[in-house]
Amino acid sequence: MLKIPCPWCGLRPETEFRNGGEAHIARPANPFAVTDAEWADYLFMRTNPKGWHRERWNHAQGCRRWFNAVRHTVSHEIAATYPMDAAQPPLPEHDGEG
Amino acid sequence: MGAGFRRDGGGRVNRTQPLPFTFNGRRLMGFAGDTLASALLANGVHLVSRSFKYHRPRGILSAGAEEPCALVQLEEGARTEPNLRATQIELYAGLSARGVNAWPSVAFDLGAVNNRLSKLFAAGFYYKTFMWPPSFWRTLYEPIIRRMAGLGHAPKLPDPDLYDRMNARCDLLVVGGGPAGLAAAQAAARSGARVILADEQAEFGGGLLGASRTIAGEPGAAWVAEVIDELAAAEEVRLLPRATVFGYYDHNQLAALERRTDHLGPGAAPGQARHRIWHIDAAQVVLATGAHERPLVFADNDRPGIMLAGAARTYIERYAAVPGRRAVVFTNNDTAYETALALADAGAEVAAVIDLRTQADGPFAERVAERGIPVHHRSAIVATVGGQRVAGVEVRALDGAGEIAGGGAQSIACDLVAVSGGWSPAVHLFSQSRGRLRYDGTNACFVPGVSIQAERSVGAAQGRFSLADALADGAQAGVAAARAAGLNAVDMAPAPTDAPPAGGIEAYWLVPGKRPLGHGPAKHFIDMQDDVTAADIRLAVREGFQSVEHVKRYTTVGMGTDQGKVSNLNALAILADALGRPIPEVGTTTFRAPYTPVTFGALAGRDGGELMDPARLTAIHVWHETHGAVFENVGQWKRPYWYPRAGEDKQAAVNRECRAVRECVGLLDASTLGKIDIRGPDAGEFLDRIYTNSFSTLPMGKVRYGLMCHDDGMIFDDGTTARLGEDHFLMTTTSGNAASVLDWLEEWLQTEWPELKVYCSSVTEQWATLALAGPRSRDVLAALAPDVDLDDAAFPFMTTREWVVAGMSARIARISFAGGLGFELNVPWDRGLALWRAVMAAGEPYGITPYGTEAMHVLRAESGFIIVGQETDGTVTPFDLGMDWIVSKKEPDFIGKRAYSRPDTARTDRKQLVGLLTEKPLEVLPEGAQLVDQPHHPKPMPMIGHVTSSYYSENLGRSIAFALVMGGRERLGETIYAPLKTKQVKAVITRPMFLETGKAGGHG
């Protein structure tokens, strides 16, 4: 179980949260201006990195707010969490695997 | 030695507190402070159980958590527990246990015939022997294997005990209360750190208990007592005896199982939690988990009476139980010499020490020589004899290459063989923390290498086996951990000890037998719980297996309840040899939680029975109960399913309820409907984007039905939404989907459209909702709201108003999910029951009938209304349901719109919603039945659809069904077939509506 720092509630156990998949996937502003392939890419295709990953979390059993996190998918280190409208913090320089 | 095998003095058992117990039907006596294993040994009992596969007699190998053999079924009835290690069961008065996997008894076991058939049970026998014919697997092979192989039996009665869970945070968790762990806890506690010290045993002290070691000039046990006193007095220290830390998880979180009442006997502490799971969130961790001794792998090394040398010493020194009268010690390292001395001191005859090495060093070896105990250097046990107890060994000299040298064999009679193959640090928790192991060739074991989490391994757990190293490591790690946790810790000098260094070892993984491996009846056991031999590993390699993980799964080595604590290194060393690769290159298998088995009861804690999942009850529930309703689970809700009258079965009750609604008036508790209050200047715009149709155009006081889709175009939920004000809507959702819909709205508002000024609140449990339906519903409502004009012109279909009904302020909507005339009445939740009673009273002259969800389903199907989750399954678009009318063409965009121009969603041969009328009107199709065109087509038949809803309709006097059928709308009037197990059902495709009752309305 992870300990996740909610930007509003502080460090809370993972059981209070819901993972929302990769972050910063913008819905096309005009869906009819994109091709079927581009639409499918928006709907279904996600990166699955081994390493640092920006992803969305929802504090479902707490403040119910969505936020973004930078998490290492191997070590599970959480380098940063930030509100949805905040600028993306840079990825950490260390490899995150201890 | 006194009577039996108990020494007259010494040890930590309490001779003033004798405890009677029963084992395998025999009545025996032990003492307080015994484990079941030590009490058995004190009674001269070595034979405990039968092995998993070959049913070989098995005894007591170890004195702790690593025990693979001495597994027992403890107690009977509801509190029985299988596969417990006799070495860890604290003895209590009246204890009753029996060995596992033996029938009719451990001493005379019919399954032992498996041992003679052992060629059939070699590595991978599951995959080879029982392959054909396939049908024999379920009917013949599996039942027999299940009876003949295996271990104990799970209880069949509900667990009568209580369990609970605690959360704890600390600066430092110390796992293991031996010398290293005690030193670490002491050093950290002196800085004021919040320390938790957990140990799996009843007493702290680990290897110091009973051992003749001195620390700081006094007996080890006295030093232990002083440290524990100091820790107990420290305000921030929590001592957790009888607590096994069984899991090391991410972010330095660990779980421990505390056994709080097991040592008192079953049911002896009513009202107290038997086990407690601790979730420990530790800033720092010190792993002082010690080491496990390994047996040597030699021919027939599994007979009862063959025991680990360290365990034999523990039984003598700590429990005053002498495990034999005439012993042979067999070793590849110096530590077993201390056992030889302990045996001699306890009055046993040590017939010989057999050492695989050419020489032994250290003070214990010297003292063995001084005592005149015969030592056979560069020799090996090549065979053992004995039935239910070892009776002797055959010893041969070895040559320089480690093979059997010339010269004769010597037979030595004995009733105990004390074996040591070296020590393996208990790296289980370290490895669970994803730390990387390193192979230490000098000590022939894997040791913690690179840490990933905030932990430190100390003492024997780090492969540093001497007492002086343990004390030094512990003191240093305790200070370092406290500092890392932010405390101001002062260096602590380690307590001095006179204990000698651990001595040397020479790896010797496979001891030759009299015949080549795999020939003849002798077996070199590696994993004594799963009956895996060295020959099995070699066979797996010959058959092409190379990865240690594959060999594990193929041979099952290390897959028992002990997870191979004493066998894993022997297995992979023998594997490495067979592969011709060095041990570190072969690597270890993955260590997983739990370290020792944890019962489901403990894991469930209080989350069992009615507390497992909360039941949600409406405000009217008590009325439904007193009127005999049968309840249906809808999400967590309990909803009335139907209300049977005397003598009615389900169908009769549902038929009566359906007829009442169509012919007169019925009342449904619809309070479980999800209700979401949506407010804000952009609420209309927001709903336009969420629903497939427009809501910003909805006039005040009007209600509109809407479909909600995901962006892939598939239907996700439906319901009616009313406009209560310019900036105020009340949305309803399906009962089971209310939370998901609110999550969905929040996600879009927060992540995609933060510029919209809208907020959403769940008001499901703020409003009790009654659905009043049927041709006389207006008359009933009029009686309760006499001043209100309810006629069609004043209060038309799909409108909502706030009025006083039966003296309560209520919100009334003219909608109906049953179809036809109907009203939905909403009052504050706590007025729900009063309104229900008032409506029932007002309806009495009309014969008002309460109806349940099953009647609601039939009625809505008659009227052609879908249910999301029944007619839809996440692959269905509004067009598939023929609901084109609800998909806005004017709106430039809404969630799902883009998807409808994708080629797949635009196909004309997609499965489409149709009605089905069976050829025989009384035949009701099963829901989920597959549909085909050609009933006599050879299998597999091309399937073209399936039944989504199916009922008997009393109002129509026949069955009705909905189905999704490929291109179904073009096929009205055609015949289709449902091939069922015993018959073909013939049906005609129709429009998905069976009774003209009016337009779509709200949900029930």
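Up top you'll find the structure we're talking about.
Residues numbered from 1 in each chain as written. Chains lettered and ligands numbered in written order. Predicted model: local features only at pLDDT ≥ 70, side-chain atom pairs only at ≥ 80, totals over all residues. Heavy atoms only, no water.

Caption draft 1: Looking closely at the overall build of chain B. Helix and strand counts for chain B stand at 24 helices and 49 strands. The principal-axis extent of the C-alpha atoms belonging to chain B is close to 115 × 70 × 55 Å. The proportion of buried residues among the 1004 residues of chain B is 58%. Summarising the internal contacts of chain B: among those between residues at least 6 apart in sequence, 66% fall at separations of at least 24. (Helix = DSSP H or I, 4+ residues; strand = E, 2+ residues; numbered from the N terminus. Buried < 20%, exposed > 50% of the residue type's maximum accessible area, 1.4 Å probe, protein only. Contact = heavy atoms within 4.5 Å.)

Caption draft 2: Focus on the overall build of chain A. Helix and strand counts for chain A come out as one helix and six strands. Starting at the N terminus and walking to the C terminus, you meet the elements of chain A as β-β-β-α-β-β-β. A principal-axis box enclosing the C-alpha atoms of chain A has dimensions of 40 × 30 × 25 Å. Going through the 98 residues of chain A one by one, you find that 40% of them count as buried. Of the contacts made within chain A by residues no fewer than 6 positions apart, 48% connect residues no fewer than 24 positions apart. When the accessible surface of chain A is summed, it comes to about 5300 Å², and 51% of that surface belongs to carbon and sulfur atoms. Of the side chains in chain A, 11 bear a positive and 12 a negative charge, and the two mean positions are spaced by 9 Å. (Areas by Shrake-Rupley, 256 points an atom, 1.4 Å probe, with all protein chains shown as cover. Lys, Arg positive; Asp, Glu negative; His and termini not counted. Charge placed at Lys NZ, Arg CZ, Asp CG, Glu CD.)

Caption draft 3: Examining the interface of chain A and chain B more closely. Counting residues at the interface gives 29 residues for chain A and 29 residues for chain B. For the chain A face of the interface with chain B, the top three residues by lost area are Lys 3, Arg 27 and Phe 32 of chain A, together amounting to 26%. Scanning the region where chain A abuts chain B turns up six salt bridges. For Lys 3 of chain A, the salt bridge goes to Asp 281 of chain B, with nearest N and O atoms at 2.5 Å. On inspection of chain A and its partner chain B, the count reaches 18 residue pairs in polar contact (both at pLDDT 80 or more). (Buried area = accessible area lost by both parts, 1.4 Å probe. Salt bridge = Lys/Arg side-chain N within 4 Å of Asp/Glu carboxyl O. Polar contact = N/O pair within 3.5 Å; in protein donor to acceptor, adjacent residues only side chain to side chain.)

Caption draft 4: Summary view of the sheet that holds strand β22 (residues 390-397) of chain B. Residue and element names in this part refer to chain B. Ordered in space as β21-β22-β23, the three strands form an open sheet in which the pairing is antiparallel. Two strands close off the open sheet at either side, each with one partner strand: β21 (379-386) and β23 (410-413). The sheet shows a mean angle of 25° between the axes of neighbouring strands, direction not considered. One ladder, built from seven bridges, connects β21 with β22; its direction is antiparallel. Pairing of Ile 381 across the sheet is with Val 395, part of β22. (Pairing = 2+ DSSP bridges. Axes fitted to C-alpha atoms, helices over the stretch in contact; angles between N-to-C directions.)

Caption draft 5: The arrangement of the sheet that holds strand β5 (residues 66-72) of chain A in detail. Residues and elements named next belong to chain A. Reading across the sheet, the four strands line up as β3-β4-β5-β6 and stay open at both edges, with antiparallel pairing between neighbours. Only two strands of the sheet have a single partner each, and these edge strands are β3 (18-22) and β6 (78-83). Taking the axes of each pair of neighbouring strands and ignoring which way they run, one obtains an average angle of 30° across the sheet. Sheet topology places β3 next to strand β4 (residues 52-58); three bridges connect them, and they run antiparallel. Residue pairing for β4: Arg 18 is matched across the bridge by Asn 58.

Caption draft 6: Here's a closer look at the pattern of salt bridges. All names here are of chain B. Using the criterion set out here, one finds 66 salt bridges over all chains in the structure. Note that Arg 190 is salt-bridged to Glu 230, the shortest N-O span being 2.8 Å. Residue Arg 190 is found in the loop between α5 (179-189) and β9 (195-198), and its partner Glu 230 is found in helix α6 (residues 220-233); the two are separated by 40 residues along the sequence. Classification of Glu 230 by relative accessible area gives partly exposed; the value is 29%. Ionic pairing is found between Arg 434 and Asp 250, a salt bridge with its closest N-O pair at 3.6 Å. Residue Arg 434 is found in the loop between α10 (428-432) and β26 (436-440), and its partner Asp 250 is found in the loop between β13 (243-249) and β14 (253-259); the two are separated by 184 residues along the sequence. Accessibility expressed as a relative area gives 30% for Arg 434, which makes it partly exposed.

Caption draft 7: Geometry of the side chain of Asp 880 of chain B. As for its position among the elements, Asp 880 of chain B is in the loop between α23 (853-863) and α24 (903-906). Once residues within four sequence positions are removed from consideration, Asp 880 of chain B is found in contact with Thr 875, Arg 910, Lys 911, Gln 912, Leu 913 and Arg 969 of chain B.

Caption draft 8: Up close: the pairing of strand β31 (residues 630-634) of chain B. Residues and elements named next belong to chain B. Sheet topology note: the β31/strand β32 (residues 637-642) ladder contains five bridges and is antiparallel. Counted as the bridge partner of Val 634 is Trp 637 from β32. What sits between β31 and β32 in their antiparallel hairpin is a turn of two residues, with Gly 635 showing a positive phi close to 60°.

Caption draft 9: Inspection of helix α19 (residues 683-690) of chain B at higher detail. All names here are of chain B. In terms of burial, α19 is a largely internal element, seven of the eight residues being buried. Within the span of α19, buried status applies to Ala 683, Gly 684, Phe 686, Leu 687, Asp 688, Arg 689 and Ile 690. Tucked inside the fold, the buried residues of α19 contact β34 (674-679), β35 (703-709), β36 (715-725), β37 (728-733), α20 (738-752) and β38 (759-762).

Caption draft 10: Structural context of helix α12 (residues 534-542) of chain B. Residues of α12 of chain B that are buried include every one of Ala 534, Asp 536, Ile 537, Leu 539, Ala 540 and Val 541 of chain B, and no others. Once α12 of chain B ends, the next one or two residues include Gly 544 of chain B, with phi positive near 110°.

Caption draft 11: Inspection of the packing of aromatic side chains at higher detail. The final tally for this structure, using the stated rule, is 22 aromatic pairs over all chains. Between Phe 795 of chain B and Trp 803 of chain B, the ring centres sit 4.9 Å apart and the planes meet at 75°, which makes this aromatic pair edge-to-face. In this structure Phe 795 of chain B comes out as buried when scored by relative accessible area, which is 0%. An aromatic cluster is defined as three or more aromatic residues linked by ring pairs; in this entry it consists of Phe 686, Phe 716, Trp 744, Trp 748 and Trp 753 of chain B. For Arg 65 of chain A, the ring lying beneath its charged end belongs to Trp 8 of chain A, and the centroid distance is 5.1 Å. The positively charged end of Lys 523 of chain B is found above the aromatic ring belonging to Tyr 54 of chain B, 5.0 Å away from the centroid. (Phe/Tyr/Trp six-rings, centres within 6.5 Å; stacked < 30°, edge-to-face > 60°. Lys NZ or Arg CZ within 6 Å of the ring centre and 35° of its normal.)

Caption draft 12: Structural detail: the nonpolar core. Residues and elements named next belong to chain B. In terms of nonpolar packing, the biggest core is built from 60 residues, with Phe 21, Phe 23, Leu 36, Leu 40, Ile 60, Val 72 and Leu 95 touching the most fellow members. In this structure Leu 95 touches Pro 20, Phe 21, Thr 22, Leu 36, Leu 74, Glu 75, Ile 89 and Glu 90, once residues within four positions along its chain are discounted. If you look at the next biggest cluster of nonpolar residues, it comprises 45 residues, including Cys 658, Ala 773, Leu 859 and Val 887. (Core = buried A, V, L, I, M, F, W, Y, C linked by side-chain atoms within 4.5 Å.)

Caption draft 13: Up close: the packing of α12 of chain B against helix α13 (residues 548-555) of chain B. Residue and element names in this part refer to chain B. Packing of α12 against α13 leaves a shortest axis separation of 10 Å and a crossing angle of 120°. Our classification of the angle between α12 and α13 gives oblique. Note that α12 runs across α13; the crossing there is right-handed. Along its contact with α12, which presents Asp 536, Ile 537 and Ala 540, the element α13 presents Val 551, Tyr 554 and Thr 555. (Parallel < 35°, antiparallel > 145°, perpendicular 65-115°, else oblique. Left-handed = near helix turned anticlockwise from the far one by under 90°.)

Caption draft 14: Representation of unusual backbone geometry within the structure. Residue and element names in this part refer to chain B. That bond from Ala 593 to Pro 594 is cis: its omega, 0°, falls within 30 degrees of zero. Counting through the fold element by element, Pro 594 comes out in the loop between α15 (583-586) and α16 (600-604). The step from Lys 939 to Pro 940 runs through a cis peptide bond, and the omega angle for that step is -5°. With respect to the element layout, Pro 940 can be found in the loop between β45 (930-932) and β46 (943-953). Although it is not a glycine, Asn 24 adopts a positive phi angle of roughly 45°. In this structure, Asn 24 sits in the loop between β1 (14-23) and β2 (26-32). Even without being glycine, Gln 563 reaches a positive phi, approximately 50°.

Caption draft 15: View of the packing of helix α8 (residues 335-345) of chain B against helix α9 (residues 362-370) of chain B. Residue and element names in this part refer to chain B. As a packed pair, α8 and α9 sit with axes 8 Å apart at the nearest point and diverge in direction by 40°. In this view, α8 runs oblique relative to α9, as classed from their interaxial angle. For the element pair α8 and α9, the recorded crossing hand is left-handed. From α8, Tyr 337, Glu 338, Ala 340 and Leu 341 reach across to α9, where they touch Phe 364, Ala 365, Arg 367 and Val 368. In terms of residue class, the contact of α8 with α9 is built from six nonpolar, no polar and two charged. (Nonpolar A, V, L, I, M, F, W, Y, C, P; charged D, E, K, R; others polar.)

Caption draft 16: Summary view of the pairing of β22 of chain B. Residues and elements named next belong to chain B. Where β21 hands over to β22, the hairpin turn is made up of three residues, counted between the paired strands. Here β22 runs beside β23; their pairing, made up of four bridges, is antiparallel. The residue of β23 that forms the bridge with Glu 394 is Ser 411.

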